[in-house]
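# A look at the structure
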Amino acid sequence: MSEDDEDQSPASDLRSQRPCSPNKSRNCISSSQTFPDHVLENVLENVLQFLDSRCDRNAASLVCKLWWKVEGLTRSEVFIGNCYALSPARLTQRFKRVRSLLLKGKPRFADFNLMPADWGANFAPWVSTMAKAYPWLEKVDLKRMFVTDDDLALLAESFPGFKELILVCCEGFGTSGIAVVANKCRKLKVLDLIESDVTDDEVDWVSCFPEDVTCLESLAFDCVEAPINFKALEALVGRSPLLRKLRLNRFVSLEEVHRLLLLGAPQLTSLGTGSFSRGDQSQQEPPDYAAAFRSCKSVVCLSGFRELMPEYLPAILPVCANLTSLNFSYANISPDMFKPIIHNCHKLQIFWALDSICDEGLQAVAATCKELRELRIFPFDPREDTEGPVSELGLQAISEGCRKLESLLYFCQHMTNAALIAMSHNCPELTVFRLCIMGRLRPDHVTGKAMDEGFGAIVKNCKKLTRLAVSGLLTDQAFRYMGEYGKLIRTLSVAFAGDSDMALRHVLEGCPRLQKLEIRDSPFGDVALRSGMHRYYNMRFVWMSACRLTMGCCKDVARAMPNLVVEVIGSDDDDVNRDYVETLYMYRSLDGPRKDAPQFVTIL
């Protein structure tokens, strides 16, 4: 959804067009032939219903007042990137026929414990408003929102045709709320709980699904830290013939996965394996796990592997040849365990793993996975003072072997400019590049120089780059490169980088498409903040924590930009440094400051 719906171009008066000259009669309609507005509305409705892209719809709504009105009547899917950018009432006034809502709450830095848990982003006002306006609602997709059991109960009771619930990185609810959704949403197709904090209410929520044949196509609960009723799950899978995705939590043992695969394997395309360890050790002979996986002829996405027992990992070999996505991000796997698996994954396009696979494992990926599009390497031990098992050697191997790579997230302890320069030449299709050097202010560990030239090569040679995260020792020169070459960058994340305010000024003046700016622990102060005042209305948000901002400067920005919400997030013991701003969060809003700010948030 466009958050600037009020900023429309002047409406065109289609009934007061001047008569056309004879030489233009083939290209326009004379005033006597002007159609009534309701006819034009019907024509537009039939045309706009074929527009699926949010960008195309936003552009169409800016043509004139009539197009703005009809676009609002025909949009069935709405995306809101910041739940405080507008009120629920404005949503229902602007869009009358919404069937699907994707709503985001807290900014991404909340994932790193940089934001207090009770900051806000409550789903309650949204679900209560939509319950009255959209009884036909079918889908809700929330990210970093605070959702209560009461919210889920209201959702389940208010939308009789509800089909899809996706909760990503959400909190505030428990298995009681999930049980209500399972019980009352009789047409439910998707129930995906992804990296959410789900309270264990000791409720058997799996048994709450309808007792007859279900509509379930996707069920993901790998983040639920509570035992489940396996017999109920087994019965549910058995009466869900349309089930395509099933992601289990760590309380489901390998024996139970084996039983589920034999029961529902033919139609599954995505499987999260649960613990991948034996639950019942009393059996002398374990089941033939490989045979169960061999029956999964349709599986192309494989994840899970929590509490992995290495001796059973070869059981997945029968499905490796067809895999396009493999997620080992919860599995502490050595290179020797990993290489026999990856050598069979020639079709792989998405791969996530812990750095325990080492540079040796990444070299195996580079030798095998020529179709790889996305790679994420997470740290097994995130401490700064450890000797990381992956380095520039693994990154350079990937750049040489996986030339179709489009997205990279790479955690490591040290890096070189040479490896980044090589990647910029070998992988020009990169749109996402996130390098996280966990040690602070670390230079090129071979030359001892700043990492400026490496990141400069990335922004210069990867011309499709839209998302960039930088780390390591960086001077203002690196930010000058970003401003000069990063013309498509929409999201920039900065940590422990830069020399002065000039660094941020390079970015704010040189990156015209910048939407999201995240900065922590960097030497940027008032001059840097003021340098972007011409840009903030066109950005989704700016986050700055542990920088050098003063309260006076933040107040000046708030005064000069009344349609920008300027939040100062502090702590109760902030009296000593009352002029120092601990965290600044700025975002545009059509409805002004929010009404639910906690005491530690000051809205200027």
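Rules behind the numbers
- Residues numbered from 1 in each chain as written.
- Predicted model: local features only at pLDDT ≥ 70, side-chain atom pairs only at ≥ 80, totals over all residues.
- Heavy atoms only, no water.
- Helix = DSSP H or I, 4+ residues; strand = E, 2+ residues; numbered from the N terminus.
- Rg over C-alpha atoms; globule rule 2.2 N^0.38 Å.
- Contact = heavy atoms within 4.5 Å.
- Areas by Shrake-Rupley, 256 points an atom, 1.4 Å probe, with all protein chains shown as cover.
- Lys, Arg positive; Asp, Glu negative; His and termini not counted.
- Charge placed at Lys NZ, Arg CZ, Asp CG, Glu CD.
- Buried < 20%, exposed > 50% of the residue type's maximum accessible area, 1.4 Å probe, protein only.
- Pairing = 2+ DSSP bridges.
- Right-handed = clockwise from strand over helix to strand, strands pointing away.
- Phe/Tyr/Trp six-rings, centres within 6.5 Å; stacked < 30°, edge-to-face > 60°.
- Lys NZ or Arg CZ within 6 Å of the ring centre and 35° of its normal.
- Axes fitted to C-alpha atoms, helices over the stretch in contact; angles between N-to-C directions.
- Parallel < 35°, antiparallel > 145°, perpendicular 65-115°, else oblique.
- Nonpolar A, V, L, I, M, F, W, Y, C, P; charged D, E, K, R; others polar.
- Disulfide = S-S within 2.5 Å.
- UniProt positions renumbered as here; feature names shortened; annotations may be inferred.
- Salt bridge = Lys/Arg side-chain N within 4 Å of Asp/Glu carboxyl O.

This part takes up the overall build of the chain. Along the backbone of the chain there are 20 helices and 21 strands. For a compact globule of 604 residues, the expected C-alpha radius of gyration is about 25 Å, and the chain comes in at 27 Å, within 12% of that figure. Overall size of the chain, expressed as C-alpha extent along the three principal axes, is 90 × 65 × 60 Å. Contacts in the chain between residues at least 24 apart in sequence constitute 71% of all its contacts with a sequence separation of at least 6. A total accessible area of about 26,200 Å² is found for the chain, and carbon and sulfur atoms account for 51% of it. For the chain, the distance from the average site of its 70 positive side-chain charges to the average site of its 78 negative ones is 8 Å.

With that settled, the discussion passes to the pairing of strand β5 (residues 190-194). When a strand is regular, its side chains alternate between the sheet's two faces. With respect to burial, β5 is a largely interior element, 4 of its 5 residues being buried. Examined bridge by bridge, strand β4 (residues 164-168) and β5 share 5 bridges and lie parallel to one another. The residue of β5 that forms the bridge with Val 168 is Ile 194. In terms of handedness, the path from β4 via helix α7 (residues 175-184) over to β5 forms a crossover that is right-handed.

Below, the discussion takes up the environment of Cys 436. Looking at the element boundaries, Cys 436 is found in strand β14 (residues 432-437). For the pair formed by Cys 436 and Val 542, sequence separation is 106 residues and the distance between their alpha carbons is 20 Å. Residues within four places of Cys 436 in sequence aside, it is in contact with Leu 409, Tyr 410, Phe 411, Cys 412 and Ser 471.

With that out of the way, let us pick up the environment of Arg 588. Structurally, Arg 588 is set in strand β20 (residues 583-588). Between the alpha carbons of Arg 588 and Phe 541 there is a distance of 7.0 Å; along the sequence they are 47 residues apart.

The full count for this structure, using the stated rule, is 22 aromatic pairs. Residues Phe 276 and Phe 305 carry aromatic rings whose centres are separated by 5.1 Å and whose planes lie at 50 degrees to one another, so their mutual orientation is tilted. On the criterion of sequence distance, the pair formed by Phe 276 in the loop between β8 (270-273) and α10 (289-294) and Phe 305 in the loop between β9 (301-303) and α11 (317-320) is long-range, its members being 29 residues apart. Neither Phe 276 nor Phe 305 differs from the other in exposure class; each is buried. A centroid spacing of 5.5 Å and a plane angle of 25 degrees characterise the contact between Phe 338 and Phe 351, whose relative ring orientation is stacked. Taken together, the positions of Phe 338 in helix α12 (residues 335-342) and Phe 351 in strand β11 (residues 350-354) put the pair 13 residues apart, joining distant regions of the chain. The class of Phe 338 is buried, set by a relative accessible area of 1%. Members of the aromatic cluster, connected to one another through ring pairs, are Tyr 84, Phe 109, Phe 112, Trp 119, Phe 541, Trp 543, Tyr 585 and Tyr 587. Above the face of the Phe 79 ring, Arg 54 is positioned so that its terminal group lies 4.1 Å from the ring centre. Here the guanidinium or amino end of Arg 594 rests over the ring plane of Tyr 84, the centre of that ring lying 4.7 Å away.

We now examine the packing of helix α13 (residues 358-368) against helix α14 (residues 392-401). At their nearest, the axes of α13 and α14 sit 8 Å apart, and the two run at 0 degrees to each other. Here α13 is positioned roughly parallel relative to α14, judged by the angle of their axes. From α13, Asp 359, Leu 362, Gln 363, Val 365 and Ala 366 reach across to α14, where they touch Leu 393, Gly 394, Ala 397, Ile 398 and Gly 401. A per-class count over the contact of α13 with α14 returns 6 nonpolar, 3 polar and 1 charged.

Turning next to the state of the cysteines. This structure, assessed with the given rule, holds 0 disulfides. A disulfide-free cysteine, Cys 301 has its sulfur positioned 12 Å from the sulfur of Cys 345, the nearest such atom. Distance from the sulfur of Cys 436, which forms no disulfide, to the nearest cysteine sulfur (Cys 412) is 8.3 Å.

Residues given the UniProt feature "domain: Transport inhibitor response" (unreviewed entry) here are residues 96-142. As annotated, residues 96-142 comprises 21% helix and 19% strand, and the C-alpha atoms at either end are separated by 20 Å.

Turning our eyes to something else, we now look at the pattern of salt bridges. Pairing of side chains with opposite charge becomes possible as their charged atoms draw close. One pass over the structure, following the stated rule, counts 32 salt bridges. Note that Arg 75 and Glu 71 form a salt bridge whose closest N and O atoms lie 2.6 Å from each other. In this structure, Arg 75 and Glu 71 share a single accessibility class: buried. Note that Arg 250 is salt-bridged to Glu 307, the shortest N-O span being 3.0 Å. Of the two residues, Arg 250 is situated in the loop between β7 (245-248) and α9 (254-264) and Glu 307 in the loop between β9 and α11; the sequence distance between them amounts to 57 residues. Look at Arg 250 and you get partly exposed, because its relative accessible area is 29%. Since its relative accessible area comes to 42%, Glu 307 is described here as partly exposed.

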